[in-house]
Amino acid sequence: MDLNSASTVVLQVLTQATSQDTAVLKPAEEQLKQWETQPGFYSVLLNIFTNHSLDVNVRWLAVLYFKNGIDRYWRRVAPHALSEEEKTTLRAGLITNFNEPVNQIATQISVLIAKVARVDCPRQWPELIPTLVESVKVQDDLQQHRALLTFYHVTKTLASKRLAADRKLFYDLTSSIYSFACSLWNHHTDTFLQQICTGDEAAAANSLERTLLSLKVLRKLTVHGFVEPHWNAEVMGFLHAVFERLKQFLECSRSIRAESICRDHLEKTIILFTKVLLDFLDQHPFSFTALIQRSLEFSVSYVFTETGEGVVFEQFIVQCMNLIKMIVKNYAYKPSKNIEDSSPETLEAHKIKTAFFTYPTLMEICRRLVTHYFLLTKEELTMWEEDPESFTVEETGGDSWKYSLRPCTEVLFMDIFHEYNQTLTPVLLEMVHSLQGSTNVENTNAILIKDAVYNAVGLAAYELFDSVDFDQWFKNQLFAELQVSDDRYKPIRRRVIWLIGQWISVKFKSDLRPVLYEAICNLLQDCDLVVRIETATTLKLTVDDFEFRTDQFLPYLESMFTLLFQLLQEVTQCDTKMHVLHVLSCVIERVNMQIRPYVGCLVQYLPLLWKQSEEHNMLRCAILTTLIHLVQGLGADSKNLYPFLLPVIQLSTDVSQPPHVYLLEDGLELWLVTLENSPCLTPELLRIFQNMSALLELSSENLKNCFKIINAYIFLSSPEFLQMYAADLCRSFCELLKDITIEGQVQVLKVVENVLKVNPVLGPQVFQPLLPSVFRGIVDGERYPVVMSTYLGIMGRVLLQNASFFSLFLSQMACELGQELDQILGNMIEMWVDRMDNITQPERRKLSALALLSLLPSLNSVIQDKFCGIINISVEGLNDVMTEDSETGTYKDCMLMSHFEEPKATEDEEPPTEQDKRKKMLALKDPVHTVSLQQFIYEKLKAQQELLGEQGFHALMETVDTEIVAQLQEFLQGF
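These numbers were taken from a predicted model, which means no experiment stands behind them.

**Q** Please provide a residue-by-residue account of the packing of helix α34 (residues 703-736) against helix α44 (residues 914-923), values included.
**A** At a closest axis distance of 10 Å, the pairing of α34 and α44 adopts a crossing angle of 60 degrees. Classified by the angle their axes make, α34 and α44 are oblique. α34 and α44 meet at a crossing whose hand is left-handed. Counting all contacts with α34, which are made through A712, F715 and L716, the residues of α44 involved are Q915, R918, K919 and L922.

Now the structure itself:
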């Protein structure tokens, strides 16, 4: 591409590519895409985006295309890679001057220079760093800023490389520029502080931006540029200076207006100082040992004493708390139980920590956390009144919650309490004892203090296990506090029911549960929505608890379910509806069939909620989960839900519908439980299976559930299902088996095995295309035992239950393999006998014995030649299934089933599904469970004896090991 002639054309196309008219835009984009691999294209782009007289939008687009081109074509090994000559020209052009006037474009240029540096610096681009170092020294403000911006992005990119050789290069780079970076930072920092003192806010803002950029550079160099940074005096000097600079900047904040741009940059710089310390602690905990004392003194001073008043802000407090938490929890600072096994560095760090966290310090931190940081703020109380649902979402972990101060204070409290529980337990208990009895509703501050203390007791529940008699506390005080109905007492009602939820799995006597259920019923009728939502949360924790007893809960079930349903209707936000639905699901799951009388209202409401939640896929996921538990609770009665249920399944599992991305996993689970609990196959339920073919093509982590669904259809109604879908299913399986894991292969084969079990006549015909590979797998000695076991299970079914098909199939295989029929039959029996140990399931072992015995009686020389192996397998089968009757001394087949008995589920067991019943009925027709192996062996041997005569049979038995014969005779006593 000739630069002179091409520049005009490329400029014109770039201009068209900025158009809002798609008719102009699309062809331009196509043309640019074609030029991406043309030599000289990126040189033209460089000329365009460095020409400040051109339209900003066109230059912006040129930078983006250049940046994307670096990602795709800069590396030598890339297809259509740029030539070395063009890259040399481009590298030189990128750092010719740093005078880009537009901030956004300047940032993009800095990023693309860093991308090139990642590949080429320092070997192919040794001049980059020296050029940047010289450019940040110039007096021109714009050039200095742009060079510093680029310096930062290059340093950031090089610091992120992780290969050993790249790390070594970065260490070398750091050692060569660290002194300069420190002096640069100090210069801009001092300039900023001087300008603030003189009141020149505009100049100060410019200097502060340079301070911020130079600090960003130093952060990367300090954290990633040294193997053992504590041996470098300059590094440790910089880190100690951070504390002094932090104090200076915090004091500066007093004199800068809140609405000032400078104020925003100042807070960013203060936070960056704390990030330097946090990153250094994370990457170099032992190098940080010298900074532990100062870090703790600084953080505790500003966060837990009057020092910070008027200067600290929320994000700074969060960072300081994170610093304390990381020091407290740091594994490198914790000695081993056996002190001799600890390193000197660990012991030194632990000693510093122990010396700092004295009883007075810990007590002050604990009290300040609870009585200051745990208090509900005016903003939170206002939100509670004006938008209660948003308040509960924030409190329970909304998107913004994890970045706010409250969770940070709670986590710090839990970590410190865990680390120093022996010291802090008496402090917290003393705070609790000072709050005995009900609090005056007129005293808002006292109510908020009690709320905060109860919060602390809930957070420290596991640590306080041996120190708090929660049952007595509940009976003597907490239960009474739940009865105080005054609206001003609602923070305590809400906090107490939350507190019980925290302790329910720690220490709460079972015989107190009915009293708690009574309280929950009352609170679900509370006048305050936040209290009702919190109560629902505690109810979920209660029913999820290990010691939950259904019999205690049932008297309250109707009332609770009705009140929860009313709450579900009342709340309006998606997150809250999801939460209440989840509670309802948990209740339904725990009481199972007992829920049937009470679900009518919910069943009628869910279709409306599903329709309203069309734009809220996560709420629809919650509805699917509720439906799963509803179907399980309703059992066969769930068929009444089909008009709503089946379209929901259809949509959720249709991969051509966009919502399937969110709904598929739960949709498959719902489909499965619907089939498992279906009393019969309906045309609509059969029609949904049309979705399965595309699902199998996905080959995703949902395949296991897909196979379960296919099996459920087979058990539900094999003939109709196979008639409609067998051909498609067989094609899908053939494709799957070409590229699937061993586990997936076994799942496919188990489906085939189940079809043969349910329908031994039709099954072999519909899955005939799969059987040759099964047979070849057997005679070739499949190396994976679990696959071989399934192969033998499939062939055993065909041989035992459809002998005529097996005979035709064997002839087909003889033709395909070009061998004699008797030869491949002999090979199959020989491999079967040899690999019998691959079969671990008793049912399959008995099936193998029955299948091979079904070849008898026979005059076939091959079968007689393998007679010894057949008898060996048969005796192994007898050892597996025969149990001795202690009274009569005779043996019986333990796998025999004579009649259907519906199992009675205990309270702790799931009741049998319709599918469980179908499987039981199927077992009553299965030879494995209806044919006595002992009787079968006797009859086959007797028939063989009659066929060969006494002498011939005796000669055949001579081929069997005498020990095997002895075992056989013992099992056949009485015949």
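**Q** Talk me through the nonpolar core; I want residue IDs and the actual numbers.
**A** By size, the foremost hydrophobic cluster in this structure holds 339 residues, and its most contacted members are F413, W671, I710 and F733. For this core, the domains that each give at least three residues are domain 1 (1-160) and domain 2 (873-972).

**Q** Any chance you could break down the UniProt feature "domain: Importin N-terminal" (unreviewed entry) in the protein for me, citing the residues and the numbers?
**A** Cross-referencing UniProt, the feature "domain: Importin N-terminal" (unreviewed entry) maps to residues 28-100 in the present numbering. Helix makes up 63% of residues 28-100 and strand 0%. Its end C-alpha atoms lie 26 Å apart.

**Q** Report on the domain arrangement of the protein, specifying residues and quantitative values.
**A** When cut into domains, the protein gives domain 1 (1-160) and domain 2 (873-972). Once you take the C-alpha centre of each, domain 1 and domain 2 turn out to be 80 Å apart.

**Q** I'd love a proper account of a nonpolar patch on the surface, names of residues and values included.
**A** A surface patch of nonpolar side chains, about 340 Å² in accessible area, is lined by M618, V661 and Y662. Its place among the elements puts Y662 in helix α31 (residues 660-676). On the accessibility criterion, Y662 (47% relative accessible area) is partly exposed.

**Q** Pulling in residues and values, what's your account of the packing of aromatic side chains?
**A** Pairs of aromatic rings are described using the distance from one ring centre to the other and the angle between the two planes. Scanning the entire structure with this criterion turns up 43 aromatic pairs. An angle of 90 degrees between the planes, with centres 5.5 Å apart, marks the rings of F49 and F66 as edge-to-face. Here F49, found in helix α3 (residues 41-49), pairs with F66, found in helix α4 (residues 56-73); they are 17 residues apart in sequence, far enough to count as distant. Under the relative-accessibility criterion, F49 is labelled buried at 1%. The exposure class assigned to F66 is buried, which follows from its relative accessible area of 1%. When the ring of F689 is compared with that of Y713, the centres are 5.0 Å apart and the planes differ by 75 degrees; the resulting orientation is edge-to-face. Within this pair, whereas F689 is found in the loop between α32 (683-687) and α33 (692-698), its partner Y713 is found in helix α34, the two being separated by 24 residues in sequence. Considered together, F689 and Y713 belong to a single accessibility category, that of buried residues. Put simply, the rings of Y454, F470, W473, F474, F479, W503 and F508 touch in pairs and so form one group of aromatic residues. Here the guanidinium or amino end of R245 rests over the ring plane of W185, the centre of that ring lying 5.6 Å away. Over the ring of W610 we find R620; its NZ or CZ atom is 4.1 Å from the centre of that ring.

**Q** For the side chain of N592, give the residues involved together with the corresponding values.
**A** Here N592 is to be found in the loop between α27 (574-591) and α28 (600-612). Judged by its relative accessible area of 10%, N592 falls in the buried class. Beyond its immediate stretch of four places on either side in the chain, N592 contacts Q632, G633, E910 and P911.

Quick notes on the rules
- Residues numbered from 1 in each chain as written.
- Predicted model: local features only at pLDDT ≥ 70, side-chain atom pairs only at ≥ 80, totals over all residues.
- Heavy atoms only, no water.
- Axes fitted to C-alpha atoms, helices over the stretch in contact; angles between N-to-C directions.
- Helix = DSSP H or I, 4+ residues; strand = E, 2+ residues; numbered from the N terminus.
- Parallel < 35°, antiparallel > 145°, perpendicular 65-115°, else oblique.
- Left-handed = near helix turned anticlockwise from the far one by under 90°.
- Contact = heavy atoms within 4.5 Å.
- Core = buried A, V, L, I, M, F, W, Y, C linked by side-chain atoms within 4.5 Å.
- Buried < 20%, exposed > 50% of the residue type's maximum accessible area, 1.4 Å probe, protein only.
- Domains from an automatic or database assignment.
- UniProt positions renumbered as here; feature names shortened; annotations may be inferred.
- Patch = residues over 30% accessible without salt bridge, like charges linked within 9 Å, V, L, I, M, F, W, Y side chains within 5 Å.
- Areas by Shrake-Rupley, 256 points an atom, 1.4 Å probe, with all protein chains shown as cover.
- Salt bridge = Lys/Arg side-chain N within 4 Å of Asp/Glu carboxyl O.
- Phe/Tyr/Trp six-rings, centres within 6.5 Å; stacked < 30°, edge-to-face > 60°.
- Lys NZ or Arg CZ within 6 Å of the ring centre and 35° of its normal.

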